[in-house]
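# Geometric and topological summary
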Amino acid sequence: MNSALPVLKIGMLGAGVVGGQVARLLSEDQRELSTRSGARLVLTKIAVRDISVARPGIDPSLFTTDADSVVNDPEIDIVIEVMGGIEPARTLILAAIANGKSVVTANKALLATHGADLYGAADKAGVDLYYEAAVAGAIPILRPLRESLVGDHVTRIMGIVNGTTNFILTKMDEEGRAFGEVLAEAQALGYAEADPTADIEGFDAAAKAAILAGLAFHTRVTAADVHREGISQITSADVAVAKSMNHVIKLLAIAELTPADQISVRVHPVLLPRNHPLASVRDAFNAVFVEAESAGELMFYGRGAGGAPTASAVLGDVVAVARHRTGGAVGPRESDYADRAIVPIGQTNTKYLIRLNVADKSGVLAAIAQAFATENVSIQTVRQTGRGSDAELIVVTHNATEAALAATVNRLSQMDMVTSVDSVIRVEGSPQ
Ligand code: HSE
């Protein structure tokens, strides 16, 4: 290594699964990372909650429990935040920025709630705020949106951005197992947390959807703008019906421009045709499918979580911001000039599958069809399976607004001949 290289000192907040791998790679690959950065990268301090935890492979003299001493250390140039959570991460990052340090973070929840404050502070201080690891782990998707596709018009993003739910839905599809049983396996394998709410109810994916939508559509989007539904209501029967229609159920983060140039951003389960590129994304893998006016369709695929994969994205950002610091430059700022409106979910247009149980007698189908017609929801297909005196009806609609569909379901639920409305799932990726 060229000893004439300037030195850039790095402080890190957190040394968990991701931080441990970042520290390992910064040490093992120091020569190459430094050569690529144009500066000697030296990890000098790591803030942790408990210094007594054994962290093999990391020099113990680097640890401190005083996180303020990292963000206020005048010698530190770059702060890596991998502690997660909103506080104290927000306050520490703002302090680091105010002290002129560039920041690399993997904190999707923080960016999706307080992104505007952080971007504004970085802009004011003239430093970089990079966060590739916050969405879809190792997959380069934010840099492509911020830089590679900045000359194009992105029209739609559909992503499998939560590995835990994709693992569960894959097992339900391929092994015909029930949601609860596969969730327990995901927990045993370490994919799902002891409290799996953030993953299975779509909060994690909603934070990622907000970040993707903001970058793609040059508008501030927060997690609160994202309509969110999880997968805990998906049953083996839903999966079997999807299968019989040559579809698969996936939890998708969707951000798209409407014909009125507004943003629809949402996370919910979706029936996807098996020939859609996202349908083949199995297990805990992530993928983001992007449609842009000139580029057409693009797909980014890879590991969305895990220590080394996420560390790869963090280190890519560290090298980028180090290059900027040695060259006296900064990367792209937040781009929110378009300031597009977010469409309320009630006005969102999609196709739907409705599964309901009805009495199997004359006039029932006509009455059901009338309920759809009354709410202006056009039916594409109906499939009936007899079950003694009852029948299961599977109705697929043409595009309808969420509000019209909700009114239809309400109407159906009140009909004597309808025993139950068992599921309502959106259908994406197939002809209207
Ligand atoms: N819990 C997330 C997942 C990984 O299952 O994909 C971190 O965002």
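The model shown is predicted, which means the values in this text are computed figures rather than measured ones.

### Some details on the overall build of the protein chain
Per the secondary structure count, the protein chain includes 14 helices and 17 strands. Against the globule reference of 22 Å for 432 residues, the protein chain gives a C-alpha radius of gyration of 24 Å, in line with a compact fold. The principal-axis extent of the C-alpha atoms belonging to the protein chain is close to 85 × 45 × 35 Å. The burial tally for the protein chain puts 52% of its 432 residues in the buried class. Partitioning the contacts of the protein chain with sequence separation of at least 6, the portion at a separation of at least 24 is 72%. Counting every atom, the protein chain has about 18000 Å² of accessible surface; 50% of that belongs to carbon and sulfur. Each charge class in the protein chain can be summarised by its mean position, and for the 37 positive and 49 negative side chains these summaries are 3 Å apart.

### Regarding the site of the ligand
Around the ligand, the neighbouring residues are Lys108, Asn162, Gly163, Thr164, Asp199, Asp204, Lys208 and Ala305. One of the side-chain nitrogen or oxygen atoms of Asn162 is found 3.4 Å away from an oxygen atom of the ligand. Within the side chain of Asp199, a nitrogen or oxygen atom sits 2.9 Å from a nitrogen atom of the ligand. Of all the secondary structure elements, the ones that give two or more residues to the shell around the ligand are α7 (163-175) and α10 (203-217).

### Digging into the packing of helix α5 (residues 108-125) against α10
Where α5 contacts α10, the two axes come as close as 9 Å, and the packing angle between them is 55 degrees. Between α5 and α10, the angle falls in the class oblique. As for the relative orientation of α5 and α10, their crossing is left-handed in sense. Taken together, the residues of α10 that come into contact with α5 (itself represented by Lys108, Ala109, Leu111 and Ala112) are Asp204, Ala207, Lys208, Ala210 and Ile211. Of the residues contributing to the contact of α5 with α10, the split by class is six nonpolar, no polar and three charged.

### Examining the pattern of salt bridges
Taken as a whole, this structure holds 30 salt bridges when the rule is applied. Between Arg266 and Glu428 there is a salt bridge, with its nearest N and O atoms 2.7 Å apart. Here Arg266 is found in strand β10 (residues 263-273), whereas its partner Glu428 is found in the segment after β17 (418-427), with 162 residues between them in sequence. Bridged by salt links that share partners, the residues Arg156, Glu256, Arg266, Glu291 and Glu428 form one connected network.

### As for the domain arrangement of the protein chain
Under the domain assignment, the protein chain is made up of domain 1 (7-137 + 307-327), domain 2 (142-302) and domain 3 (345-427). Placing the centre of domain 2 and that of domain 3 at their C-alpha centroids yields a distance of 25 Å. Taken together, the contact between domain 2 and domain 3 spans 17 residues of the former and 13 residues of the latter. The junction of domain 2 with domain 3 conceals about 1200 Å² of combined surface from both sides, 62% of it contributed by carbon and sulfur atoms. Together, Asp238, Val241 and Leu271 form the three largest contributors to the area buried by domain 2 at its contact with domain 3, with a combined 37%.

### Some remarks on the packing of aromatic side chains
How two aromatic rings sit relative to each other is given by the distance of their centres and the angle of their planes. Considering all chains together, one arrives at three aromatic pairs under this definition. An angle of 50 degrees between the planes, with centres 4.8 Å apart, marks the rings of Phe167 and Tyr191 as tilted. Placement of Phe167 in helix α7 and of Tyr191 in the loop between α8 (179-188) and α9 (197-200) is noted, with a sequence separation of 24 residues between them. Taking the relative accessible area as the measure of exposure, Tyr191 reaches 38% and is therefore partly exposed. The lysine or arginine in question, Arg55, covers the ring of Phe63, its NZ or CZ lying 5.1 Å from the ring centre. Above the face of the Tyr130 ring, Arg146 is positioned so that its terminal group lies 4.9 Å from the ring centre.

### Topic: helix α2 (residues 30-37)
Taken together, the buried positions of α2 are occupied by Leu33, Ser34 and Ser37. Buried residues along α2 cover an arc of 100 degrees about the axis, so they all sit on one side. In α2, those exposed residues whose orientation departs by more than 90 degrees from the buried face are Arg31 and Thr35. If you follow the buried residues of α2, they end up packed against α1 (17-28), β2 (40-47) and α12 (307-327). Taken from the residues just after α2, Gly38 is the one with a positive phi, measuring 80 degrees.

### Examining the pairing of strand β9 (residues 247-257)
Remark: a regular strand shows side chains that alternate across the two faces of the sheet. A large share of β9 lies buried, amounting to ten of its eleven residues. Here strand β7 (residues 154-160) pairs with β9 via four bridges, running antiparallel. When the bridges of β9 are listed, Met158 appears paired with Ile254. By the bridge criterion, eleven bridges tie β9 to β10 in an arrangement that is antiparallel. Across the sheet, Val248 pairs through a bridge with Leu272, a residue of β10. Here β9 folds back onto β10, and the loop between the two strands holds five residues, one of which, Asp261, carries a positive phi near 65 degrees.

Conventions adopted
Counting from 1, residues in each chain are numbered in the order their sequence is written. Given that this is a predicted model, residues contribute local features only at a pLDDT of at least 70 and side-chain atom pairs are listed and counted only at 80 or more, while totals for whole chains, interfaces and linings are drawn from all residues. Note that the side-chain values use all heavy atoms of the structure and ignore hydrogens as well as water. Helix and strand labels come from DSSP, where a helix needs a run of H or I of at least four residues and a strand needs a run of E of at least two; each type is numbered from the N terminus. The size measure is the radius of gyration over C-alpha atoms, and the globule rule it meets is 2.2 Å times the number of residues to the 0.38 power. Only protein chains enter the accessibility calculation, which uses a 1.4 Å probe; a residue is then buried when its area is under 20% of its type maximum, exposed when over 50%, and partly exposed in between. Any two residues whose heavy atoms approach within 4.5 Å are treated as being in contact. Each accessible area is a Shrake-Rupley estimate made with a 1.4 Å probe; only the visible protein chains count as cover when residues are assessed. As used throughout, the charge tally considers Lys and Arg to be positive and Asp and Glu to be negative, leaving His and the chain termini uncounted. Every charge is mapped onto a representative atom, which is NZ of Lys, CZ of Arg, CG of Asp or CD of Glu. Consider each residue's heavy atoms; a residue with any of them within 4 Å of a molecule or strand counts as near. Each polar contact in these results corresponds to two N or O atoms within 3.5 Å; when the atoms are within protein, one needs to be able to donate a hydrogen and the other to accept it, and residues that are neighboring in sequence are counted only if both atoms are side-chain atoms. Angles run from 0 to 180 degrees between N-to-C directions of axes, and those axes are lines fitted to C-alpha atoms, restricted for helices to the stretch in contact. With respect to orientation, any angle under 35 degrees is reported as roughly parallel, any angle over 145 as roughly antiparallel, any angle of 65 to 115 as roughly perpendicular, and every other angle as oblique. Note on convention: near helix rotated counterclockwise from far helix by under a right angle means a left-handed crossing. Clockwise means right-handed. All amino acids are sorted into three groups, where Ala, Val, Leu, Ile, Met, Phe, Trp, Tyr, Cys and Pro are nonpolar, Asp, Glu, Lys and Arg are charged, and the leftover types, Gly among them, are polar. In the sections that follow, a salt bridge refers to a side-chain nitrogen of Lys or Arg positioned within 4 Å of a carboxyl oxygen of Asp or Glu. Domain start and stop positions are those given by an automatic or database domain assignment. As used here, buried area is the combined drop in accessible area, with a 1.4 Å probe, of two parts when they are placed together. Two aromatic rings from Phe, Tyr or Trp, using only the six-membered ring of Trp, form a pair when their centres are within 6.5 Å; if the ring planes differ by under 30 degrees the pair is stacked, by over 60 it is edge-to-face, and anything between is tilted. Sitting over a ring, as applied to charges here, requires NZ of Lys or CZ of Arg to be within 6 Å of the ring centre and within 35 degrees of the ring normal. Our arc is simply the arc of the directions from the helix axis toward the C-beta atoms. Paired strands, in this sense, are two strands between which DSSP finds at least two bridges.

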